[in-house]
Amino acid sequence: MEMGYDDDDHHHGHEELHVLAVDDNLIDRKLVEKLLKISSCKVTTAENAIRALEYLGLGDHNQHIDTLTNNNLKVNLIITDYCMPGMTGFELLKKVKESSNLKEVPVVIMSSENIPTRINKCLASGAQMFMQKPLKLSDVEKLKCHLMNCRS
Amino acid sequence: MELGQMQKSLQDYTKSLFVEGILDSQFLQLPQLQDESNSDFVSQVVSLFFQDSDRILNDLSLSLDQKVVDFEKVDPYVHQLKGSSSSIGAQRVKNACVVFRSFCEQKNVEACHRCLQQVKQEYYLVKNRLETLFKLEQQIVASGGMISAMDLGF
């Protein structure tokens, strides 16, 4: 079965943030993965919103990946590109927030375009943060701090 | 050529790419992501960018050569290339893509053809310069020298 998402093999302690990074752009996906790994996160990547939903257990085909009881798969943060073919990052955000299991998972939206109405729309629908692309290491460090503070 | 001279050449060459606007500060993010676990990360990502861009440019050429141009197909390609070039700091490619997108919006076929040529030109330029940059680095390493992220930053 074609996976369409990429999972990190190393199992670290559960204090480490497990991030699901969603982006249809191959280079951006590789970069965001490295940015997060260098910032000590466990990373799973998905090349589109549908694969992301499947990984989260919200897919149509209901793959029974038990994200609730299996700590290794539990996602602490979703970071997604806004502009993606098929389902957008905004639509993915809404699906996550509509899910009783996953609505508490923070969702960060990334976009290369700085459009205030877009930003407000995402924040109003429950996005934790909106980040301007291209991402820098300092952006990810700030994000981590923000999230760790929210958790404790 | 002696090691110190090679390192100076590399620094000067790198600097020129920024001065000419071929690269922007985003390129300097890449060495910060490189560590012992992934000591050729920068060249890997750049190679990936080249492969991906070659493919996109090919698809763009084909799409624009159709009798009836489908802009719903053309624009996403340009968007992709704009995104990846921006992410690795290939400033002039990115800027050329921005112009290209505005003509896609206007559905101006002729202007889009010109834009594609411009994007290709900028792309081959940055590709050529980065390949030279990596060769210079390889020569230094082969001579027993070391490259640090500091050599690229200023």
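Residues numbered from 1 in each chain as written. Chains lettered and ligands numbered in written order. Predicted model: local features only at pLDDT ≥ 70, side-chain atom pairs only at ≥ 80, totals over all residues. Heavy atoms only, no water.

- Under an unreviewed UniProt entry, chain B has the name Histidine-containing phosphotransfer protein and belongs to Brassica carinata.
- Database annotation for chain B, UniProt heading Function (unreviewed entry): "Functions as a two-component phosphorelay mediators between cytokinin sensor histidine kinases and response regulators (B-type ARRs). Plays an important role in propagating cytokinin signal transduction." (UniProt positions renumbered as here; feature names shortened; annotations may be inferred.)

- Per an unreviewed UniProt entry, chain A goes by Response regulatory domain-containing protein and derives from Brassica carinata.
- In its Sequence similarities (unreviewed entry) section, the UniProt entry covering chain A states "Belongs to the ARR family. Type-A subfamily."

Focus: the overall build of chain A
- Counting its secondary structure elements, chain A contains 5 helices and 6 strands.
- Each helix and strand of chain A, placed in order from N terminus to C terminus, yields the pattern β-β-α-β-α-β-α-β-α-β-α.
- Buried positions account for 51% of the 152 residues belonging to chain A.
- Excluding contacts between residues fewer than 6 apart, the proportion of contacts in chain A whose partners are at least 24 apart in sequence is 65%. (Helix = DSSP H or I, 4+ residues; strand = E, 2+ residues; numbered from the N terminus. Buried < 20%, exposed > 50% of the residue type's maximum accessible area, 1.4 Å probe, protein only. Contact = heavy atoms within 4.5 Å.)

Re the packing of helix α5 (residues 91–105) of chain B against helix α6 (residues 109–142) of chain B
Residues and elements named next belong to chain B.
- Remark: α5 packs on α6, axes separated minimally by 9 Å, with the N-to-C direction vectors making an angle of 170°. By the angle between their axes, α5 is roughly antiparallel relative to α6. Counted together, Arg92, Val93, Ala96, Cys97, Val99, Phe100, Phe103 and Cys104 of α5 and Ala111, Cys112, Cys115, Leu116, Gln118, Val119, Glu122, Tyr123, Leu125 and Val126 of α6 form the full contact between these two elements.
- Residues of the contact of α5 with α6, tallied by class, amount to 15 nonpolar, 1 polar and 2 charged. (Axes fitted to C-alpha atoms, helices over the stretch in contact; angles between N-to-C directions. Parallel < 35°, antiparallel > 145°, perpendicular 65-115°, else oblique. Nonpolar A, V, L, I, M, F, W, Y, C, P; charged D, E, K, R; others polar.)

What about the side chain of Ser87(B)?
- Summarising the element assignment, Ser87(B) is placed in helix α4 (residues 71–88).
- Ser87(B) sits in the buried class, given a relative accessible area of 6%.
- Discounting chain neighbours no more than four positions away, the residues touching Ser87(B) are Ile27(A), Asp28(A), Leu31(A), Pro134(A), Gln26(B) and Leu30(B).

Examining the confidence of the model for chain A
- Averaged over every residue, the pLDDT of chain A is 86; the share at 70 or more is 81%.
- Note that pLDDT drops below 50 for residues 67–71 of chain A; the model gives that stretch 4 contacts with residues more than four away or on any other chain. (pLDDT = per-residue confidence, 0-100.)

Quick word on the pairing of strand β6 (residues 129–132) of chain A
Residue and element names in this part refer to chain A.
- Pairing of strand β5 (residues 107–111) with β6 involves 4 bridges; the strand directions are parallel. The partner of Met110 across the bridge, within β6, is Met131.
- Crossover β5 to β6 through helix α4 (residues 116–124) is right-handed. (Pairing = 2+ DSSP bridges. Right-handed = clockwise from strand over helix to strand, strands pointing away.)

A word on the UniProt feature "modified residue: 4-aspartylphosphate" (unreviewed entry) in chain A
- This chain's UniProt record puts "modified residue: 4-aspartylphosphate" (unreviewed entry) on Asp81(A).
- Mapping Asp81(A) onto the fold places it in strand β4 (residues 77–81).

Some thoughts on the side chain of Arg129(B)
Residues and elements named next belong to chain B.
- Residue placement: Arg129 occurs in helix α6.
- One polar contact links Arg129 to Glu20, side chain to side chain, over a distance of 3.3 Å.
- Non-local contacts of Arg129, meaning those with residues more than four positions away in its chain, are made with Tyr13, Leu17, Glu20 and Ile22. (Polar contact = N/O pair within 3.5 Å; in protein donor to acceptor, adjacent residues only side chain to side chain.)

Describing the interface of chain B and chain A
- Counting from both sides, the interface comprises 24 residues of chain B and, opposite them, 17 residues of chain A.
- Both faces combined, the contact of chain B with chain A buries some 1800 Å², and carbon together with sulfur accounts for 59% of it.
- Our count for the contact surface shared by chain B and chain A stands at 2 salt bridges.
- A salt bridge links Lys34(A) to Asp35(B); the shortest N-O distance between them is 3.6 Å.
- There are 10 residue pairs in polar contact (both at pLDDT 80 or more) connecting chain B and chain A. (Buried area = accessible area lost by both parts, 1.4 Å probe. Salt bridge = Lys/Arg side-chain N within 4 Å of Asp/Glu carboxyl O.)

Looking at the UniProt feature "modified residue: Phosphohistidine" (unreviewed entry) in chain B
Residue and element names in this part refer to chain B.
- The UniProt record marks His79 with the feature "modified residue: Phosphohistidine" (unreviewed entry), using the residue numbering of this structure.
- Tracing the backbone shows His79 in helix α4.
- The class of His79 is buried, set by a relative accessible area of 16%.

As for the packing of aromatic side chains
- Using the criterion set out here, one finds 5 aromatic pairs over all chains in the structure.
- An aromatic cluster of at least three residues, connected via ring pairs, comprises Phe49(B), Phe50(B), Tyr123(B) and Tyr124(B).
- Here Lys121(A) stacks its cationic end above the ring of Phe90(A), 4.4 Å away from the centre of that ring.
- In this structure, Lys127(B) is placed above the aromatic ring of Phe50(B), and the distance from its NZ or CZ to the ring centre is 5.5 Å. (Phe/Tyr/Trp six-rings, centres within 6.5 Å; stacked < 30°, edge-to-face > 60°. Lys NZ or Arg CZ within 6 Å of the ring centre and 35° of its normal.)

Examining α4(A)
All names here are of chain A.
- By the burial criterion, the buried members of α4 are Arg118, Ile119 and Cys122. The buried residues of α4 occupy an angular sector of 100° when the element is viewed end-on, so they sit on one face. More than 90 degrees from the buried face of α4, the exposed residues found are Pro116, Thr117 and Ala124.
- Structurally, α4 contributes buried residues whose contacts are with α3 (89–98), β5 and β6.
- Following α4 by one or two positions, Gly126 adopts a phi angle in the positive range, close to 105°. (Arc of directions from axis to C-beta.)

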